[in-house]
Amino acid sequence: MSRLTILFIKSSLIYFAIAALVGLDMTLMPGHYGALMPMHAHLMLLGWISMMIFGVAYHILPRFSASPLYSEKLANVQFYVAHIGLVGMAVSFALRSYVDAGAILLIIFSIIEAIAVIMFAFNMLMTLPKAPK
């Protein structure tokens, strides 16, 4: 496995553990539920699931398609952009309950995360061979 694949998979497992702890906090402290539910959901879906999919896809799709990855550099940049977006979103979800700037930060980090997803989709689409006629 490539270094990038391993980093995506390890980070997904870390997000999974953090999301589980946030979920536990919501269970033990029901008053935290409203403020933490969006953070918990995004850590699970974008952190655990998406990061795992990114890592596995970067490993499997080039092999299954018998095509080299379109851009290793784009994949590496996407790794950092995805983490910046997700961590920023998670913090923003918590902040928006306490400060007005939290909502603006959430929009900014959501856009960053969307850019990371688009980068991934583009890299995968360019990696896959053209469909036969």
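This text follows the structure it describes.
Predicted, not measured: the structure shown is a model, and the values here were computed from it.

J.: Please explain the packing of aromatic side chains as it appears in this structure.
T.: How two aromatic rings sit relative to each other is given by the distance of their centres and the angle of their planes. Here the structure, examined in full by the defined rule, presents 8 aromatic pairs. An angle of 80° between the planes, with centres 4.9 Å apart, marks the rings of Phe8 and Phe79 as edge-to-face. With Phe8 in helix H1 (residues 3-28) and Phe79 in helix H3 (residues 72-95), the pair connects residues that are 71 residues apart, well separated along the chain. We classify Phe8 as buried; its relative accessible area is 0%. Given the relative accessible area of 9%, Phe79 is considered buried. Between Tyr58 and Phe120, the aromatic rings sit 5.3 Å apart at their centres with planes inclined by 90°, giving edge-to-face as the arrangement. Placement of Tyr58 in helix H2 (residues 33-65) and of Phe120 in helix H4 (residues 101-127) is noted, with a sequence separation of 62 residues between them. Look at Tyr58 and you get buried, because its relative accessible area is 5%. Ring pairing ties together the aromatic residues Phe8, Phe54, Tyr58, Phe79, Tyr80 and Phe120, which thus form one cluster.

Conventions we followed
- Residues numbered from 1 in each chain as written.
- Predicted model: local features only at pLDDT ≥ 70, side-chain atom pairs only at ≥ 80, totals over all residues.
- Heavy atoms only, no water.
- Phe/Tyr/Trp six-rings, centres within 6.5 Å; stacked < 30°, edge-to-face > 60°.
- Helix = DSSP H or I, 4+ residues; strand = E, 2+ residues; numbered from the N terminus.
- Buried < 20%, exposed > 50% of the residue type's maximum accessible area, 1.4 Å probe, protein only.

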